[in-house]
Amino acid sequence: MNIRIHKKLKKRFKHRTAPGTAPGTLKSIDSGEKTELRLTHYNEEHEKEVALNSFNDLQLHPGTDHVYWLDVVGLDDTNLIEAIGERFQLHPLALEDTVHVHQRPKVDDYESHLYIVARMTNALDCPDTEQVSIFLGKNFVVTFQEKKGDCFEAVRERIRQNRRIRSKQADYLAYALLDAIVDNYFPLIEEYRERLDKLEDSLTRFKTEDAMGELHEIRRDLRLLRKVSWQHREALNSVIRLDHPLIEKETSLYLLDCYDHCVQLLDVTEGYREYCTDLRDLHLAEVSLRTNEVMKVLTLIATLFMPMSFVAGLYGMNFDYDASKYNMPETHWTYGYPFALGIMLVIGLSLLSFFWRKGWIGGRRKL
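Let me begin by describing the structure that accompanies this report. Throughout, residues of each chain are indexed from 1 in the direction in which the sequence is written. Given that this is a predicted model, residues contribute local features only at a pLDDT of at least 70 and side-chain atom pairs are listed and counted only at 80 or more, while totals for whole chains, interfaces and linings are drawn from all residues. Side-chain numbers here rest on the full set of heavy atoms in the structure, without hydrogens or water.

**Brief notes about the sheet that holds strand 3 (residues 67–73)**
Strand pairing requires that DSSP identify at least two bridges connecting the strands. Helix and strand labels come from DSSP, where a helix needs a run of H or I of at least four residues and a strand needs a run of E of at least two; each type is numbered from the N terminus. Strand order across the open sheet formed by seven strands is 2-1-3-7-6-5-4, with mixed pairing between neighbours. Both outer strands of the open sheet, strand 2 (47–52) and strand 4 (106–109), are each paired with one neighbouring strand and no more. Strand-to-strand, the axes of this sheet are offset by a mean angle of 15°, without reference to chain direction. The pairing of strand 1 (residues 36–42) with strand 3 spans seven bridges and is classified as antiparallel. Considered in strand 3, the bridge of L37 is made with V72. In this description, contact between two residues means that some pair of their heavy atoms is separated by no more than 4.5 Å. Lines fitted to C-alpha atoms define the axes here, with helix axes fitted over just the stretch in contact, and angles between the N-to-C directions of these axes take values from 0 to 180 degrees. Contacts from helix 3 (residues 92–99) reach strand 4, strand 5 (114–121), strand 6 (129–136) and strand 7 (140–145), with the element oriented near 160° to strand 6. Its contacts with the sheet put helix 7 (residues 211–242) on strand 4 and strand 5, and the angle it makes with strand 4 is roughly 30°.

Quick look at the structure:
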């Protein structure tokens, strides 16, 4: 999780209500996003999608077989949110959780409607998530988003093209939205896979200047994604076990498929986290190997020059030959200097030959 995500999380938690505030109190998140309304209603024969200029333009026909989807983008206008809650008879506690965008994925049963919280991701370079609140009623779905940009365009297109969704009730629409949110994580996960492959290539080529920092960041991001996937799985499991009259048995089967996608996300995310650990171990092993190679070279050099230094030190002692004929007579020999160099050369070549036969240089070490 990078610094930008930390700042966003800090901003979210600033919008908690003060201790002792009455339950159901709404507090604007002050995001700067202008609240926009989009109403889509359809049945098997007809479909209409319209952007509403104000709440007064919202027209519902409860007695028909239409399914209504009201999509609200932007949570700054709490008066509008309260008005929508009154119109659809949404529970005040659920509306409070809607504007407090630090909620984890969950499902709350308010008998006349279900309140579902999901976390949606839009970015391909970081796991920052946006809270999406979904209210499921008898013939309506109301969604609240923090900001513009979502993964629901495919669902809208299916409605426009009169796919299976048009013949289903509101519960199927809620499933389709949840499925779009969950499936939108797969491109992000694949992006991390590509980054990990590039990091592996960099590590094997010893280009590790920024690789370890990026690897650590990816591992933290994957930990967050794993947490969100786990929470989505638990929320979907709650919906499936709920046995609520708003959810048909056939829709429960589709929810099981969405649940399976969450399990796949968990497996893939956990696998990539282990991949990060393997790359980290690879990097540490490469560093250790290179350190050992450097130490071996330095040790061999020191070993070669130690006996030579002994010879040089021996002939560097200041003994007086005039005091005794045993005090280094070689220093007065015509070939004394070449003799000393020859001794050093023989010692060096002998050691190199010994190292070679042992396999310490130029080949595999013998056991």
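**Brief notes about the pairing of strand 6**
Across the eight residues of strand 6, eight count as buried, placing the element largely inside the fold. When a residue's accessible area, from a 1.4 Å probe over protein chains only, is under 20% of the maximum for its type it is buried; when over 50% it is exposed; and in between it is partly exposed. Alternating positions in strand 6 separate into two faces, T129, Q131, S133 and F135 on one and E130, V132, I134 and L136 on the other, with burial throughout. Two strands pair when backbone bridges link them, and strand 5 and strand 6 are joined in this way by eight bridges, in the antiparallel orientation. Within the sheet, the bridge partner assigned to T121 lies in strand 6 and is T129. For strand 6 and strand 7, the ladder comprises five bridges, and the chain directions are antiparallel. Within the sheet, the bridge partner assigned to S133 lies in strand 7 and is F144. Following strand 6, the chain reverses through three residues before pairing antiparallel with strand 7.

**Description of empty space enclosed by the protein**
Residues are called lining when one of their atoms sits within 4 Å of a cavity or pocket point, these points coming from a 1 Å grid over the protein atoms alone, where a cavity is a set in which a 1.4 Å probe fits but cannot get out and a pocket is an open set with protein on both sides within 12 Å along at least five of seven lines. Grid points are joined across faces, edges and corners, and a volume is the space filled by probe spheres set on the points. Going through the model one piece at a time under the given rule, you end up with two cavities of 30 Å³ or more. By volume, the largest cavity is sized at about 70 Å³. Along its surface, the largest cavity is lined by 13 residues, and I116, L178, H232, A235 and L236 are the ones closest to its centre. Mapped by element, the contributors of at least two residues to the lining of the largest cavity are strand 5, helix 5 (170–183) and helix 7. Residues are sorted three ways: Asp, Glu, Lys and Arg are charged, Ala, Val, Leu, Ile, Met, Phe, Trp, Tyr, Cys and Pro are nonpolar, and all the rest, Gly among them, are polar. Of the residues in the lining of the largest cavity, the class split is 12 nonpolar, one polar and no charged. Taken as a whole, the second largest cavity encloses approximately 60 Å³ of empty space. Taken together, L114, I116, L136, D171, A174, Y175, L178, V239, I247, T251 and L255 make up the lining of the second largest cavity. Those elements that place two or more of their residues in the lining of the second largest cavity are strand 5, helix 5 and helix 8 (249–315). Considering only residue class, the lining of the second largest cavity consists of nine nonpolar, one polar and one charged.

**What to know about the packing of aromatic side chains**
For this analysis, a ring pair means two rings from Phe, Tyr or Trp (six-membered ring only for Trp) whose centres lie within 6.5 Å, classed as stacked if their planes differ by under 30 degrees, edge-to-face if by over 60, and tilted for the remaining angles. Enumeration according to the criterion identifies eight aromatic pairs in this entry. Three or more aromatic residues joined by ring pairs form one cluster here, namely Y115, F135 and F144. Only Lys NZ and Arg CZ are tested; either one counts as a charge over a ring when it is within 6 Å of the ring centre and within 35 degrees of the ring normal. Across from the ring centre of W230, 4.3 Å away, lies the NZ or CZ of R233, which sits over that ring.

**So, the pairing of strand 4**
With four bridges connecting them, strand 4 and strand 5 associate as antiparallel partners. Across the sheet, the residue bridging to V107 is I116, located in strand 5. From the end of strand 4 to the start of strand 5, which pair antiparallel, there are four residues, and E111 there has a positive phi angle of about 65°.

**Digging into the environment of A51**
For A51, the position within the fold is in strand 2. Classification of A51 by relative accessible area gives exposed; the value is 59%. In this structure, the C-alpha to C-alpha distance between A51 and E36, residues 15 residues apart in sequence, is 7.8 Å. Filtering out sequence-adjacent residues up to four positions away, A51 remains in contact with L37 and R38.

**Describing helix 2 (residues 78–88)**
An α-helical turn contains 3.6 residues, so any two residues separated by three or four positions project in the same direction. Among the residues of helix 2, T78, L80, I81, I84, G85 and F88 are the ones counted as buried. Looking down the long axis of helix 2, one finds its buried residues gathered within 160° of arc, a one-sided arrangement. For helix 2, the exposed residues lying more than 90 degrees away from the buried face are N79 and E86. On the buried face of helix 2, the contacting elements are strand 1, strand 3, helix 3 and strand 7. An arc is given here, and it is the one of the directions from the helix axis to the C-beta atoms.

Purely geometric numbers; function is a separate question.
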